[in-house]
Number of protein chains: 2
Amino acid sequence: MIRELIVKTRTIRRFKEDERLDETVLRKLIDLARLGGSARNGQPLRYMMVTDRQRCARIFPHLGWAGYLTDWPGPAEGERPPAYVICLLDRRCCKGPEGEALIDLGIATQNLLLGAAERDIHGCRIGSFSPDIGGLLRIDDRYKPLLVVALGRAAEKVVLEEAGPDGDIRYWRDRQQVHHVPKRPLADIIIAPGL
Amino acid sequence: MIRELIVKTRTIRRFKEDERLDETVLRKLIDLARLGGSARNGQPLRYMMVTDRQRCARIFPHLGWAGYLTDWPGPAEGERPPAYVICLLDRRCCKGPEGEALIDLGIATQNLLLGAAERDIHGCRIGSFSPDIGGLLRIDDRYKPLLVVALGRAAEKVVLEEAGPDGDIRYWRDRQQVHHVPKRPLADIIIAPGL
């Protein structure tokens, strides 16, 4: 059951830009992020929602997209994300090393994206963004932007496949513009103890 | 639906040690970890399963437990984890900064623990472990242990509650030995943009 939802929770980079998301939904998704485990139960993550067209348009140029698709500059007008959740680290709150907050971030955004997929909303974690985003959204220095999660209704199809024996894991698009994601086979990622 | 499972996926530190887990189940859980998103689709994480009593007993003394419960040294005999999944970073594989692998680790272990909770198996992410664990399991230098996930059937009850206005998020145990986990309220973790 959860397996189906995990498979459905794929990274989407082209969206139905005109199908806007409202904050009520995002709030429910952030609540799922909130309920994830946290190192030392510290819960140092904070979230900023952006849903209106103007702010979304201002954020978009500061984002990097799909490194392996070198001839694709990112989603065209009409396919850009209708919403973002900016994940922030509250520096005053984080007692542990920042690496712990990054594990929390993976947990929290996975909860968020699983909840989104359940509602047929998909997203993309974007770690490549300009530091200007802080000034653009007037984010207090207390908070460090860690990740931008783009969200919306999918305007592309993504399929999982097994990586071949050459171990090439670069995602790629076919002629029908279907996005293929090679995952390493299970046998390749399980290591036997030597004990 | 996913919300219920997320709520059920709580950190457990006392287990029914005699209810052993077999590798078939762990393999299915690692497969869920495998299907999570990964920065640059790099998939640098590897997994080692430990299920037999002898190895589990040798690992146990190298783990740190529940920092806030200062008068509790960790689970007693009979309540120790019957299985572990050791999460490793394949140093040869990781092209991005290690922080990206840590986000992947949060995603992967959340998938694993959600799948576990669906089968009434619970776990604990343990970041506090002795580096001796590498030698103990004869882990090749190619792999860096990032996290130990203890797994088993729960022998304790955990309840979520809202953190109070003082912001104290330390978990605690009541007289009935129920473990309480204060989560920050949603209103405290959503920050409005200043834009």
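Residues numbered from 1 in each chain as written. Chains lettered and ligands numbered in written order. Predicted model: local features only at pLDDT ≥ 70, side-chain atom pairs only at ≥ 80, totals over all residues. Heavy atoms only, no water.

Asker: Which residues make up the environment of Trp65 of chain B, and what values do they have?
Answerer: All names here are of chain B. Among the secondary structure elements, Trp65 is positioned in the loop between α3 (53–59) and β2 (83–90). Judged by relative accessible area, Trp65 falls into the buried class, the value being 10%. Along the chain, Trp65 and Gly127 lie 62 residues apart, while their C-alpha atoms are 9.4 Å from each other. With sequence-adjacent residues up to four places away left out, Trp65 is seen in contact with Arg13, Phe15, Phe60, Trp72, Pro73, Gly74, Pro75, Pro81, Cys124, Ile126 and Ala150. (Helix = DSSP H or I, 4+ residues; strand = E, 2+ residues; numbered from the N terminus. Buried < 20%, exposed > 50% of the residue type's maximum accessible area, 1.4 Å probe, protein only. Contact = heavy atoms within 4.5 Å.)

Asker: Explain helix α4 (residues 98–118) of chain A to me, and be specific about the residues and the numbers.
Answerer: The terminal C-alpha atoms of α4 of chain A, which comprises 21 residues, lie 30 Å apart, in line with the 30 Å expected from a rise of 1.5 Å per residue. Along α4 of chain A, 17 of the 21 residues are buried, which leaves the element largely enclosed by surrounding structure. (Expected span 1.5 Å × (residues − 1).)

Asker: Can you break down the side chain of Thr109 of chain A residue by residue, with the values?
Answerer: All names here are of chain A. Within the element layout of this structure, Thr109 appears in helix α4. One polar contact links the side chain of Thr109 to the main-chain carbonyl oxygen of Leu105, over a distance of 2.7 Å. Not counting the four nearest positions on each side in its chain, Thr109 is found in contact with Cys87, Arg125, Leu147 and Val149. (Polar contact = N/O pair within 3.5 Å; in protein donor to acceptor, adjacent residues only side chain to side chain.)

Asker: Describe the packing of aromatic side chains, and please don't skip the residues or the numbers.
Answerer: Tallied over the entire structure, the rule returns four aromatic pairs over all chains. Consider the rings of Phe60 of chain A and Trp65 of chain A, whose centres lie 6.0 Å apart with planes at 35°: the pair is tilted. Here the two residues Phe60 of chain A and Trp65 of chain A agree in accessibility, since each one is buried. Consider the rings of Tyr68 of chain B and Tyr171 of chain B, whose centres lie 4.8 Å apart with planes at 65°: the pair is edge-to-face. Of this pair, Tyr68 of chain B sits in the loop between α3 and β2 while Tyr171 of chain B sits in the loop between β5 (158–162) and β6 (172–173), and the two are 103 residues apart along the sequence. A residue is classified by how much of its surface remains accessible, and Tyr171 of chain B, at 8% relative accessible area, is buried. The ring of Trp72 of chain A carries Arg173 of chain A above its face, with NZ or CZ at 4.1 Å from the centroid. (Phe/Tyr/Trp six-rings, centres within 6.5 Å; stacked < 30°, edge-to-face > 60°. Lys NZ or Arg CZ within 6 Å of the ring centre and 35° of its normal.)

Asker: Give a description of the sheet that holds strand β2 (residues 83–90) of chain A that names residues and reports values.
Answerer: Residue and element names in this part refer to chain A. As summarised here, the arrangement of the four strands in space is β1-β2-β4-β3, forming an open sheet in which the pairing is antiparallel. Looking at strand neighbours, the two that pair on one side only are β1 (45–50) and β3 (122–126), the edges of this open sheet. Within the sheet, the average angular offset between the axes of one strand and its neighbour, ignoring direction, is 25°. Bridge analysis of β1 against β2 gives six bridges, and the strand direction is antiparallel. Bridge pairing in β2 places Arg46 opposite Leu88. This element, helix α2 (residues 23–34), spans β1, β2 and β4 (143–152) of the sheet and lies at about 165° to β1. (Pairing = 2+ DSSP bridges. Axes fitted to C-alpha atoms, helices over the stretch in contact; angles between N-to-C directions.)

Asker: How would you sum up the interface of chain A and chain B? Please name residues and give values.
Answerer: Counting residues at the interface gives 64 residues for chain A, matched by 64 residues for chain B. In this structure, the connection of chain A to chain B is made through four salt bridges. Residue Asp31 of chain B is joined to Arg3 of chain A by a salt bridge in which the shortest nitrogen-to-oxygen separation is 2.4 Å. Linking chain A to chain B there are 32 residue pairs in polar contact (both at pLDDT 80 or more). Only α1 (2–8), α2, β1, α3 (53–59), α4, β5 (158–162), β7 (179–183) and α6 (186–189) of chain A provide two or more residues apiece to the side of chain A that touches chain B. (Salt bridge = Lys/Arg side-chain N within 4 Å of Asp/Glu carboxyl O.)

Asker: Mind laying out the side chain of Ser130 of chain B, listing which residues take part and the relevant values?
Answerer: Among the structural elements, Ser130 of chain B can be located in the loop between β3 (122–126) and α5 (132–136). On the accessibility criterion, Ser130 of chain B (19% relative accessible area) is buried.

Asker: Go over the state of the cysteines with me, naming the residues and quoting the values.
Answerer: All names here are of chain B. The final tally for this structure, using the stated rule, is zero disulfides over all chains. In this structure Cys87 is a free cysteine whose sulfur lies 12 Å from that of Cys124, the closest cysteine sulfur available. The class of Cys87 is buried, set by a relative accessible area of 0%. (Disulfide = S-S within 2.5 Å.)

Asker: Provide a residue-level description of the packing of α4 of chain A against helix α4 (residues 98–118) of chain B, including the pertinent values.
Answerer: Taken N-terminus to C-terminus, the directions of α4 of chain A and α4 of chain B make an angle of 50°; their axes are 7 Å apart at the nearest point. Here α4 of chain A is positioned oblique relative to α4 of chain B, judged by the angle of their axes. Considering only the axes of α4 of chain A and α4 of chain B, their crossing is right-handed. Within the contact between the two elements, α4 of chain A uses Gly99, Leu102, Ile103, Leu105, Gly106, Ile107, Gln110, Asn111 and Leu114 of chain A and α4 of chain B uses Gly99, Leu102, Ile103, Leu105, Gly106, Ile107, Gln110, Asn111 and Leu114 of chain B. Residues of the contact of α4 of chain A with α4 of chain B, tallied by class, amount to ten nonpolar, eight polar and no charged. (Parallel < 35°, antiparallel > 145°, perpendicular 65-115°, else oblique. Left-handed = near helix turned anticlockwise from the far one by under 90°. Nonpolar A, V, L, I, M, F, W, Y, C, P; charged D, E, K, R; others polar.)

Asker: Kindly report on α2 of chain A, identifying the contributing residues and their values.
Answerer: Residue and element names in this part refer to chain A. Taking 1.5 Å of rise per residue, twelve residues should cover 16 Å, and α2 covers 16 Å from first to last C-alpha, within 8% of that figure. Among all positions in α2, only Leu26, Leu29, Ile30, Asp31, Leu32, Ala33 and Arg34 are buried. Its side-chain oxygen at 3.0 Å from the backbone nitrogen of Thr24, Asp22 defines the N-terminal cap of α2.

Asker: Which residues make up the relation of the copies chain A and chain B, and what values do they have?
Answerer: Screw-axis analysis of chain A against chain B gives a translation of 0.0 Å along the axis, an RMSD of 0.0 Å, and a rotation angle of 180°. What we have between these two chains is a two-fold relation. Nearest to the rotation axis, the C-alpha of Gly106 of chain A is located 2.0 Å from it, this being the minimum over chain A. The residues that chain A uses at the interface reappear at the interface of chain B in 100% of cases, marking a shared surface. (Least-squares fit on C-alpha atoms with pLDDT ≥ 70 in both.)

Asker: How would you explain the confidence of the model for chain A if you had to name every residue and give the values?
Answerer: If pLDDT is low for a region, its predicted coordinates should not be looked at in detail. When pLDDT is averaged across chain A, the result is 95; 99% of the residues are at 70 or more. For this predicted complex, the interface score ipTM comes out at 0.97, alongside a pTM of 0.97. (pLDDT = per-residue confidence, 0-100.)

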